Structure formats: structure tokens, C-alpha cells
4 protein chains.
Amino acid sequence: MRPEINKSWQMSGFGLSRLEPAEGKIPKPGSRDLLVRIKAVSLNYKDRMIVDGVLIPDLAFPFVPTSDAVGEVMAIGSEVSRFRVGQRVLGQVIADWLDGDAPPVLHKHTLGSSLPGTLSDYVLFHEDAAVVAPQSLGDVEASTLPIAALTAWFALVEATKPIPGETVLIQGTGGVSLFALQFAAAFGLRAIVTSSSDEKLERATGLGAWQVINYRAQPAWDEAARDLTDGVGVRHVLEMVGGDNARRSLNALGADGRLSVIGLLGGMELSFPIIPFLQNRIVVQGISIGHRRAFERMNEAIETLAIKPVIDKVYGFDEVPQAFEHLETGPFGKIVIAGS
Amino acid sequence: MRPEINKSWQMSGFGLSRLEPAEGKIPKPGSRDLLVRIKAVSLNYKDRMIVDGVLIPDLAFPFVPTSDAVGEVMAIGSEVSRFRVGQRVLGQVIADWLDGDAPPVLHKHTLGSSLPGTLSDYVLFHEDAAVVAPQSLGDVEASTLPIAALTAWFALVEATKPIPGETVLIQGTGGVSLFALQFAAAFGLRAIVTSSSDEKLERATGLGAWQVINYRAQPAWDEAARDLTDGVGVRHVLEMVGGDNARRSLNALGADGRLSVIGLLGGMELSFPIIPFLQNRIVVQGISIGHRRAFERMNEAIETLAIKPVIDKVYGFDEVPQAFEHLETGPFGKIVIAGS
Amino acid sequence: MRPEINKSWQMSGFGLSRLEPAEGKIPKPGSRDLLVRIKAVSLNYKDRMIVDGVLIPDLAFPFVPTSDAVGEVMAIGSEVSRFRVGQRVLGQVIADWLDGDAPPVLHKHTLGSSLPGTLSDYVLFHEDAAVVAPQSLGDVEASTLPIAALTAWFALVEATKPIPGETVLIQGTGGVSLFALQFAAAFGLRAIVTSSSDEKLERATGLGAWQVINYRAQPAWDEAARDLTDGVGVRHVLEMVGGDNARRSLNALGADGRLSVIGLLGGMELSFPIIPFLQNRIVVQGISIGHRRAFERMNEAIETLAIKPVIDKVYGFDEVPQAFEHLETGPFGKIVIAGS
Amino acid sequence: MRPEINKSWQMSGFGLSRLEPAEGKIPKPGSRDLLVRIKAVSLNYKDRMIVDGVLIPDLAFPFVPTSDAVGEVMAIGSEVSRFRVGQRVLGQVIADWLDGDAPPVLHKHTLGSSLPGTLSDYVLFHEDAAVVAPQSLGDVEASTLPIAALTAWFALVEATKPIPGETVLIQGTGGVSLFALQFAAAFGLRAIVTSSSDEKLERATGLGAWQVINYRAQPAWDEAARDLTDGVGVRHVLEMVGGDNARRSLNALGADGRLSVIGLLGGMELSFPIIPFLQNRIVVQGISIGHRRAFERMNEAIETLAIKPVIDKVYGFDEVPQAFEHLETGPFGKIVIAGS
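Residues numbered from 1 in each chain as written. Chains lettered and ligands numbered in written order. Predicted model: local features only at pLDDT ≥ 70, side-chain atom pairs only at ≥ 80, totals over all residues. Heavy atoms only, no water.

Chemist: Can you explain the relation of the copies chain A and chain B? Please cite residues and give values.
Modeler: Superposition record for chain A on chain B: RMSD 0.0 Å, screw rotation 180 degrees, translation along axis 0.0 Å. The relationship between the two copies is best expressed as a two-fold rotation axis. Rotation axis and chain A: the residue whose C-alpha lies nearest the axis is Ser271(A), separated from it by 2.0 Å. The overlap is high: 100% of the interface residues of chain A also sit at the interface in chain B, so the same surface is used on both sides. (Least-squares fit on C-alpha atoms with pLDDT ≥ 70 in both. Contact = heavy atoms within 4.5 Å.)

Have a look at this one:
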């Protein structure tokens, strides 16, 4: 590593084959910026959608992808007051959402989207858009928090009121789902996990799932969930799929149930029958990661609860394409790229 | 009127032609019942759907329809403590929903549905399922509150937090919509009303609408609503139609917007594109009338705010079929049947 | 035991010496009552205050004290629909508070206060004022829930929004405090417990306390609590003492802190300096047990979380005076009287 | 006016006699600052407490007091994006509270306290700590919003959920109280106003008070308030006095009542009897102005509701001492100092 050079992975166009190593200068922090030496980057499925040109069709190239990263503050701008050199920080992905309601137009200042991504040796974070990483986690673990953990936390804790003992159904065992499972178990919620793999469900049970449903064995997993709740229905479903799957989610819910919509792997549409939706007074809410204050609260909770992110595999900085390919195969937990 | 006889309109089967006058005995109040002499009944569209066999296909006949009614307490059961003879009362339509969350299974005890309706000279209300009618309203006016007003109130006040100055878009000028408009104007909300009739929109303006949109002249009423809010989008939409209309509703909403789903005239399905739903963190909530505590709070507000329900026409007790027919023609405000 | 006789402990006047065994008839259930054979009764400090004439100076004698009890349904009234014979039930202490806001006048229908108490072989519960006991608990354990557990649950879960990772300071190790500690630990809150006894603090640590403070060793326990939170201050304090103690509680709180006022052993007044109260935007809330819906939710959580009430000692039905005397000595957990 | 000179009123020590005119240079905006030409300044009672040395005993001199001001943006720093030259702006008094929870330490960045005040021709506002003034108000009117109006708004709308028809008791007719009255009337709340002056009460009625109480004629104004609510008690009291007055406020409240503590003219302590506090489950909350998002929402509401601040008197920029003296005499509405 030559310290004066900033190595990155850059997209010169859409498609994984056009994501390539590049070298540039180390950026200079503006008056309120942090210069951060990246230690680890974690991948989210939306990174793959951006690389493939599905999510942001009008992206300008070259573009450095990924949003989630942990690193060390190497230098700070002249007016920085929230951080000091040497601290280990995480980027706040929706950089201008600090607390309360979101900015009127979301994603004007989002890491790895409207702002450059984090797949570099060095990046700049505005001091308002960073938080201290939890001391209880190593670099690889900490890198997984900014999107996957915060999304799960926001759905379970911030956007609603978690009441211990309530049931929550979590779809699948991807990054967000496993954080949701770990949080739910730690808060005293009864988590039901669905998957098509008995082996994954067994691991979910090990992470604290109250009940599991193999939706390959039981395609009517919504009815299975109702049975598990003595016919009452589930209180909260985390929708990771969208499309027709959401109809089953709605059916799994009981009176005053809540559907947090997070993922869209199964379709770009949501649709429901309206009568049960009205009779059960269902609330459906779209979730978009979360604000910085929630990130700070979550980090407190992760330390208190001794939660350890589930890592499927760590790749080297020269193995980025392999890491992206792994993402397609349904990992159990997070894919991380160690810093160079 | 022979006081010992209880005149009703009874369904002997589905269809308006099978809704006919009938005579029976005046019921005897059980230990916690109120015997109520009905003074006025108001119609809701769901009454027509019940008469037509659309809403409750397995209804047992004979059946007395309608839910909304005001009357005078003529006698009380031996253990009644909440009311006394001579008071003027309104029935709580979801009879077992008193406060907080709804009962696990809604509509096990609903007037004019699982319980007998109110289109009779005399009905029994359980004392837990009645409230005192506002003194500021006459009988015809008061009869309109139990469903239309309470649904609008619940969507605007109970299920969310009304913040004066916020925008709310109200679809159409039916019973719920006009109550929503009157409440919104009285709370300092900026109400946008849509209709296909300029004449109705003019009357809506007279009732306090901040802006109006004729959706026949402007089929892209969602874009018109965005324009009225300087591109920010509306904060709250009351969905009265369902089906494809809900797609426009979603598009009219700004960040952190809310869609209260109330009506389903336009379809039995709700469907949305998922990306804007996520990015704007939209909340969609099904509304099912409301609980008794909300009814009491609303009555306080109606008196305080001097709100007068909008009545389109009052029919005699012998004109019930005509009243039901009027309902089909898109009245401006409520259709009421005066007591016999 | 002669089954036709109902044995009780009755107050013929104020003072423990006037609490004496009595015999009467087994009551007949009214149409919506449950006849319950009592299996265990737990004591609360307010029971002692009632026996001593401190809490209800105008009590009418004879009076059967105590509120908390578990028992088996032996017979039901003709209109009972919520329960069946053979179920094990707990009484809802504020019998007319089912959900949402409380009745306008509290304690018009409160067990062991305006209603007769539970220190009898047989009592009547109105079916609306009972819940099923958690299956995971034995009789002695279950008897402790109606006041102590529900008060702790209401303060931590219902009256506010519990956010895992937040700090909560719990004063003492009485019945409410230990339930609060067990709930807090199970929800992922960081519980700080205060006591004058190192031995009790050690046991509190065993129950999940994050930190403990011996207020005899550290009379400025408020400052000790601030230190434990890196100077930020505690998020929530459960005030069990009142009087001057509340001044320290206020000082222990950080910005947007909350003080739940539960106990009043230390004085009949609350007083605070107003400037820090304003600057930190403190919320102080009075807690009065809780409603039936909360009781049901809590029971779900107790089963899910496998929480076992801490019992200090169980007395026989003929040892009631000894049990009351024990209450004065600062037990660690609950004092229970087994049924006759 | 020589444009290169910045005229101010400066404190060289405590006491009104040491608040004197001064001249300095016009400040240069930093990269994210707005240079604002002040058009009008309004006084709050805390300004007098600062001038007198009561509120901030360790103030460093010279010091320019006052917080509330409206002005025109004359120049902007190089990185400003939220404003442009020519806009009319108001300062956000707690400059680092933008939304959600407050910063951990309040008043580290507060106008006219830890930051310089506004009693100058020119001041700098950080672009994050300013909002656009409502177009519906003139300069004198707009200058009154930052503290008095926002405090009333925060207590009535942000810190709680306003439900039309509910009762709110407002103490006195000072700046915060009159805004609270105007907001309450516009939201459909039933406002009860107390004062010692029948003439002021008459004017309060003109502004929309539902009921008024002269506490000189009725020293037991708490009982008078209970009577006005048929014995139920008031839902919300805005405490403007503190000290023993708060005991009456508590007594005026009904079940689940709320006491928003705002003022402290009557004492530096709050004290209550604990039993009614517990039995009614009272919530007492300290109010500290509010955040920027609330300020923006309030301005929308002020425009929508056509609310016009009540101005008692406008002084010239050379009459600052007279304006401060007026403040002591109990004005009806706000005292404003026009810009030089």
C-alpha cells in the first residue's frame, strides 16, 4: 500500500464485468469532513442492483459503489467538532436524515447512490453523517451495521413500539432478516422465521427464533403462522419480498397487525385484498434504512445486548467480484470485504 | 302508531324489493340493555351492499338492516348504570370495541350486521354500546354520526396525530368525506377535496375546503395535488375508492405521507408500486369506524366546534326504498329516514 | 375444609390486631360473575396501609383486604362468555379499566378497596375483570402479578416506549422493583438498581442488573448514576420513594428523561427544582397499576420470556398476621399466602 | 444609518442601566452563515432575567441580549444551500435542535444566551438555524414567533397530541399564553384563560377563549375550572407560574391530565401532593421552546389559520430601555422593537 494512492473499485458502466480496480488521489477533507481509512465494507443486495443498472438507471460513471463501511478517522476538517482523529466510525447512509422526519426528498445525499460509495481505501464522511462504531464489534462485524442492521432496527424499534411477548414474522435469512431475528430475540419478541432451507431454519433457531416455517414444505406459510399463534394471527410481519408474497403476509396478520415493507426481491408491486385490510385495521409502512439518532441508539443496544452480526464470508479487497457473486446465492448473514 | 307494536323494515332475502315493512313485538330489555325509541336512522353505503347481498352473503333472514340511529331511552334493564330513561342516545356500531385495540375478531358484535339493525321503531342497545347524543344537534343530524362521522374522526384524529397546517386530501363528497372536510377545516388542516362536479366542489369550498380539484377536468388529480403543495406532496390522503385510484393517492403523497383506506367503491384490491412507497416511507392504514371512547371524544368536539352534519334529504319511515335508491345517485351529505 | 363455608380474614377495625379469621357463606355468582376458589394471595405494601388505616380512612367494616390472587373458576353466571369452569384466573385490580384511558374516576371499582378483597377461600370476579393466569407459573408465582408485575410492566412498556439499550434506574428491591428489573433485563434495557444492602444488590445483579449502587455507601446515588452513564444521565427512573428522593431522581435524569412515579414510602409530596426540569424537558408520570389489555400482554411476555417472579416467603392461610409483619421488614421479592 | 456600521444594544454588566448603545463592525458570514439585516426584535421575559443577571449569572460582557428577530438575508456564505439573498428569515433559538430529541446538553448553542443575541442591525445566523418567515405576517408580527409562539405550539401540538374538543387551561395573558390561546381556538380546543383583570379576560374572549376565570375574584380558580368541566377536570394545563400555583394546576386536572410546565415567574420549585398525581396518572412535562422542524410546521399553520400575533406596543430602536420596562407591567401580548 502506497499511502498517497487511493485504491477503489469503480464502475465504468453497468454489469459486474465493468466494476474494476482504479487508483486515484486521497481526497482532502472539507471544513466539516472526516477523512476515513476504510477497514471493511459490507455488501447489500441493492449494491448488486446498482452494479447491474437496475436501481439507478441514470448513474454517472465512473462510480464507486457500496454504502456500508467502517474505518478510522485519519484527518478532520478545520471546523469538525463531533469527532477526532483515531476514532473508528461508520457512515450514516442517508446522510441528511439526522432525526425525526426524513428530508422532503430522500436520497439526495445517500452514500453509494447520490454520493460516492465506500469501496475505496479512503473516503470522506461529513461529520454530521457519521457515528462512532460499537466497541464490542470488530471491523468486519461493525461494517455490516449501516444498512442491514439499521433497517431491521428501524422497522422493529423506531417505526413502531416493540412490546415484549408480541409475535413478529421475519421472511428469509438474509442480512436484514438475521439482524431482525437477533434484535427480536433480544427484546423478548417471539420471532417466527421462514426459509426454504431446513438447515438455515435450524441456524435461525440457534439465533433465537421462537418458531420456524419451511415455506417449501408449507407453501401456505401464512396459515402455518396463524396456527402457531392459535389462530390469532401475527402482530408484525417484515416483508422482504413484495409482489404476491405480500398477500400471504397480510393474511398472516391478526387484528391491528403491522406490515413493514423492506424488500422487493419478488416484485415491484404490492397488492392486497381490501376487506381484510380494513377489518383488521392493518398498518403497512415502507421502511428506508433510518436516521442517525436511530443509528446511535442501535449501537447502544448492540453493545448492551452483546449482539454479534452474522457473517457468512469475508473476502479480500482484491476479491470484490467474487463477493458480489456470492451475494446472489442467498448467503446466511453478511458478505464483507476486508480493507486493502 | 300503536305503542305495543314494533314496526320495522325487514329483509326476507337479498335485493331492495325484498326489504319490506314488518310488525313485531317491542323487545324486552335484558339486565344491561336500553330500550330505545328510534327517532331517526341514517343510511350508509354499506347498508345498500348488505341489502344487495354483496357484503354479507350468508346473512340469515329475516334481517333488519342499517346501523346508524338516534333515539330516546324508554326503559332500562335492572343493572343499567350508564344511562337513565329519557336520555337521547346513539348506538356504538362495533358494540364490543370500547377503547384501545379492537377485539381480536371484529364484527362479532356489530349493529346491522352480526347484531340486528336499527330500522325499527324500537331497538335494544346494550348500555356499553351507546353514547349520549350531542345536545347541539337535532335528531336528523345526530343520526348521521355513528358510522360516517366516527370513521372520518378516527382517520383524522385517533389513528394519527393531526397537526394544524398540514394538508389532507379528501376524495369525493359522500357522507364520510364531508365529515372529514368539516373536521379538517375546524382543526386547521388544509383540506383538498376532489369531485367530478364543479357544483359539489363549490359547496365543498363553502364548507371550508382549502383547494378543490375536479378530477373529470384533471384526471391526473394526483399531479394537481402535488402542484397545490408546491411539489411537496400531500401529507394525508383519505382513500374512498380503492383499486387503481389508490395508485394516484400514493403518488399524491409526500415524504412520510399517510394513506387512510376507508372506502372500496372502485375495487376490492389495493395495489401500489413499491419503490416510491419505500422511499417516502408511506404508511397505509385500514380504518374500521372506531371505538366508543373516540365516539365520546368526537361528540365533545362536534359540540365545541358547532359542526352541523350535511344532510342531503330526509325521507319518511314509509319511504325507505326511495331513500336507498337515492343513495345510489351520489348524494351530497347524508340520507336520513325519520322515525315513524 | 368444609366446602359450604367461606373462610376469610376480615378487618373489624384498623390495625393488624383487628384483622381476624371469619367464616361466611360462599357467594353466589351474578349473571356475569365467576366464582373463584382462591389458591394463593400475594401482599402489597398498600394492603398494609389499608389495614393500618392510612390509605382509606373511611373504610366500612367488616372488610376483607388484599387485591392480588389466583384461583380456579368453580362456577360461572348464566351470561358469562369469556371463561369456563376449571380455568385458572387472576383478578384485574382496577376492575373497570379494560384498555385505553382509565375511567374518569379511578378506584370506584378496585379489588380490595372499593370492592371486597381476595383474602378468602372464595371470591367473585366479574368476568370482565379477570384474565387467564400464565401457564408457565405455579399458583404462588401467579398470585404476584396483578399489582406488582402489572405496575412495573405499565411503567416500562405501556406508558412509554421501551427502546433496547436505554438505561433505567430502579429504586430498591421490593416487589415492583424486582419485576421491573426482570422485565428490563429481558427487554434489553440497561438496569441500574439501588439498595442499601450489598447482599440485595448482589442478588439484583444475578437477576440481570447492569449496574448497582449502594445508596448507603453512596448517598449521592444520583451522581453515581450520572457517572455510570458517562455523564449523560439516565433515561428513565422508577420513583419508588417520593418526597426528597425525587429530587435526586430528577438530577439522575438526562435530556428528555422520564420519571415514572410509583411509590410514596418516603413522603406524600413530590418536589423538584424547575430549571433543570425545563432544560431537560423531563416527563414525570404517575402510574396506577394498569388496564386489563396490558395485563394480557404482560402475561404473554412472561410466558415468552420465561420470567419467574421472585418470592421471598410463602405463608399458610393461618399465618396472615406474620405475613403482614414480614412485609415491614423489606423483603426481597413477594410475600405470598397460600390458599387454605 | 451608515451601512458599514453595526449598531447594537450591549450589556456591559447586569442591570438595565448597563444596557447601552454600541457600534461595531458588520460581521462577515462564515461559509454556512447568513448575514441578516434585522427588521424587528421581540422581547421575552427571559431577556429581562438575563439583563438583570438572574438567569445567567456568569455571563461574559460585553453581551448583546435578546433572541427573537426577523430580518432580511443580505449576504450568504460560500456553502449556503438552504437560503438565498433577499429572503426574510427568523432565527431558530436553540440553534442545534433541528428535529426529534434535543441535543444532550441544551443551550450550548442558544441565541441570546450561549450565542450572541439579536439586538443589532446585523447578525449572523447559521443556515441550519434559520427558517423562512411566514408571508402572511409583517415584520413586527413575525419577530414574535421564535420563542413565544414556538413554545406555545410545542406544548400544544408537538409534545402531546391535540384532540379537538378537549379542554386546555392557559394561565395569564402574556406572550406565550396568547399564542396558546390563538392556537387552541384555531385547533378546536376549548380554552379556559385565567387572569386577574376582567378587561384582559374580555380581550381573551375576543381571541377565542371558551371560558375565562378571574383568579382575583375566584382565588380557587382550580375549583372554578373543575366546575366549568362538569367536575371532570381539565385535560391540559399550561403552567406559566410554578411554585405553589402548580398545586392548583394539578388539582384542576382530570384523569390522564397533562401539565406542561413553561414558566417560573412564581417560584423556582414545583411541588405536588403525590396521591392525586398517582390516581389520575398525571403527566407533567417541561417545555423548552422547540426544534426547527416544529418551527417550520408552526409557520405553515400560522399561514393556514391566518393567525395574527397580538402586539401590545412597538418601540423604536432608540427606546430599548422603555421597552424592557414595559415588559414588567404585564403587557397584553408582545413588546416589539422596530429595527433601526
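Chemist: So what's going on with the sheet that holds strand S12 (residues 253–261) of chain C? Which residues, and what values?
Modeler: Pairing within the open sheet is mixed, and its twelve strands lie in the order S10(C)-S9(C)-S8(C)-S11(C)-S12(C)-S14(C)-S14(D)-S12(D)-S11(D)-S8(D)-S9(D)-S10(D). The open sheet terminates on both sides in strands that have one partner only, identified here as strand S10 (211–214) of chain C together with strand S10 (211–214) of chain D. Going across the sheet, the axis of each strand differs from the next one's by a mean of 15 degrees, ignoring polarity. Examined bridge by bridge, strand S8 (residues 167–171) of chain D and strand S11 (residues 234–239) of chain D share three bridges and lie parallel to one another. (Pairing = 2+ DSSP bridges. Helix = DSSP H or I, 4+ residues; strand = E, 2+ residues; numbered from the N terminus. Axes fitted to C-alpha atoms, helices over the stretch in contact; angles between N-to-C directions.)

Chemist: Which residues make up the interface of chain D and chain C, and what values do they have?
Modeler: Contacts between the two partners involve 37 residues from chain D and, on the opposite side, 37 residues from chain C. Carbon and sulfur atoms make up 60% of the surface buried where chain D meets chain C, a total of about 2,900 Å² over both sides. Sorting the residues of chain D by area buried against chain C places Ile274(D), Leu278(D) and Arg281(D) first, and these three jointly supply 22% of that buried surface. Here chain D is connected to chain C by four salt bridges. Where Asp101(D) meets Arg235(C), a salt bridge forms, and the shortest distance between an N and an O atom there is 3.0 Å. In this assembly, chain D and chain C are joined by 15 residue pairs in polar contact (both at pLDDT 80 or more). Looking at the side of chain D that touches chain C, the elements that each hand over two or more residues are strand S12 (253–261), strand S13 (269–273), helix H8 (274–279) and strand S14 (283–286) of chain D. Examined bridge by bridge, strand S14 (residues 283–286) of chain C and S14(D) share three bridges and lie antiparallel to one another. In the sheet register, Val283(C) faces S14(D), and the bridge partner there is Gln285(D). (Buried area = accessible area lost by both parts, 1.4 Å probe. Salt bridge = Lys/Arg side-chain N within 4 Å of Asp/Glu carboxyl O. Polar contact = N/O pair within 3.5 Å; in protein donor to acceptor, adjacent residues only side chain to side chain.)

Chemist: Please give an account of the pattern of salt bridges that cites residues and values.
Modeler: With the rule as written, the count across this model stands at 84 salt bridges over all chains. For Arg292(C), the salt bridge identified is with Asp128(C), shortest N-O distance 4.0 Å. With Arg292(C) in helix H9 (residues 292–305) and Asp128(C) in the loop between strand S6 (122–126) and strand S7 (130–132), this pair connects stretches of sequence that are 164 residues apart. Arg292(C) sits in the buried class, given a relative accessible area of 13%. With relative accessibility at 16%, the residue Asp128(C) sits in the buried group. Here Lys39(D) makes a salt bridge to Glu72(D), at a shortest N to O gap of 3.8 Å. With Lys39(D) in strand S3 (residues 33–42) and Glu72(D) in strand S4 (residues 68–76), this residue pair connects regions lying 33 residues apart in the sequence. Given a relative accessible area of 28%, Glu72(D) falls into the partly exposed group. A single salt-bridge network, built from bridges that share partners, covers Arg32(A), Arg82(A), Glu127(A), Asp128(A), Arg292(A) and Glu296(A). (Buried < 20%, exposed > 50% of the residue type's maximum accessible area, 1.4 Å probe, protein only.)

Chemist: A description of the interface of chain A and chain B should follow, citing residues and the corresponding values.
Modeler: At the junction of the two partners, chain A supplies 37 residues and chain B supplies 37 residues. Summing both partners gives a buried area of about 2,900 Å² for chain A against chain B, and 60% of it is carried by carbon and sulfur. Interface area lost by chain A to chain B is led by Ile274(A), Leu278(A) and Arg281(A), which between them contribute 21%. Seen at the junction of chain A and chain B, the total is four salt bridges. Glu269(B) is the partner of Arg247(A) in a salt bridge, and the nearest nitrogen-oxygen pair spans 2.8 Å. Put simply, chain A and chain B have 15 residue pairs in polar contact (both at pLDDT 80 or more) between them. Within the residue set of the side of chain A that touches chain B, elements represented by two or more residues are strand S12 (253–261), strand S13 (269–273), helix H8 (274–279) and strand S14 (283–286) of chain A. A breakdown of the residues in the side of chain A that touches chain B according to their chemical character gives 22 nonpolar, nine polar and six charged. Bridge analysis of S13(A) against strand S13 (residues 269–273) of chain B gives five bridges, and the strand direction is antiparallel. If you follow Glu269(A) over to S13(B), its bridge partner there is Pro273(B). (Nonpolar A, V, L, I, M, F, W, Y, C, P; charged D, E, K, R; others polar.)

Chemist: Before we move on, can you summarise the sheet that holds strand S9 (residues 190–195) of chain A with the specific residues and values?
Modeler: Adjacent strands of a sheet form backbone hydrogen bonds with each other and so pair up, either parallel or antiparallel. Spatial strand order, S10(A)-S9(A)-S8(A)-S11(A)-S12(A)-S14(A)-S14(B)-S12(B)-S11(B)-S8(B)-S9(B)-S10(B): twelve strands in an open sheet with mixed pairing. Only two strands of the sheet have a single partner each, and these edge strands are strand S10 (211–214) of chain A together with strand S10 (211–214) of chain B. For this sheet, the mean inter-axis angle between neighbouring strands, taken without regard to orientation, is 15 degrees. As paired strands, strand S8 (residues 167–171) of chain A and S9(A) are joined by five bridges and run parallel to one another. From the neighbouring strand, Thr167(A) faces S9(A), where its bridge partner is Arg190(A). Of the strands in this sheet, S8, S9, S10, strand S11 (234–239) and S12 of chain A are in contact with helix H6 (residues 221–228) of chain A, which crosses S10(A) at around 155 degrees. This element, helix H6 (residues 221–228) of chain B, spans strand S8 (167–171), strand S9 (190–195), S10, strand S11 (234–239) and strand S12 (253–261) of chain B of the sheet and lies at about 160 degrees to S10(B).

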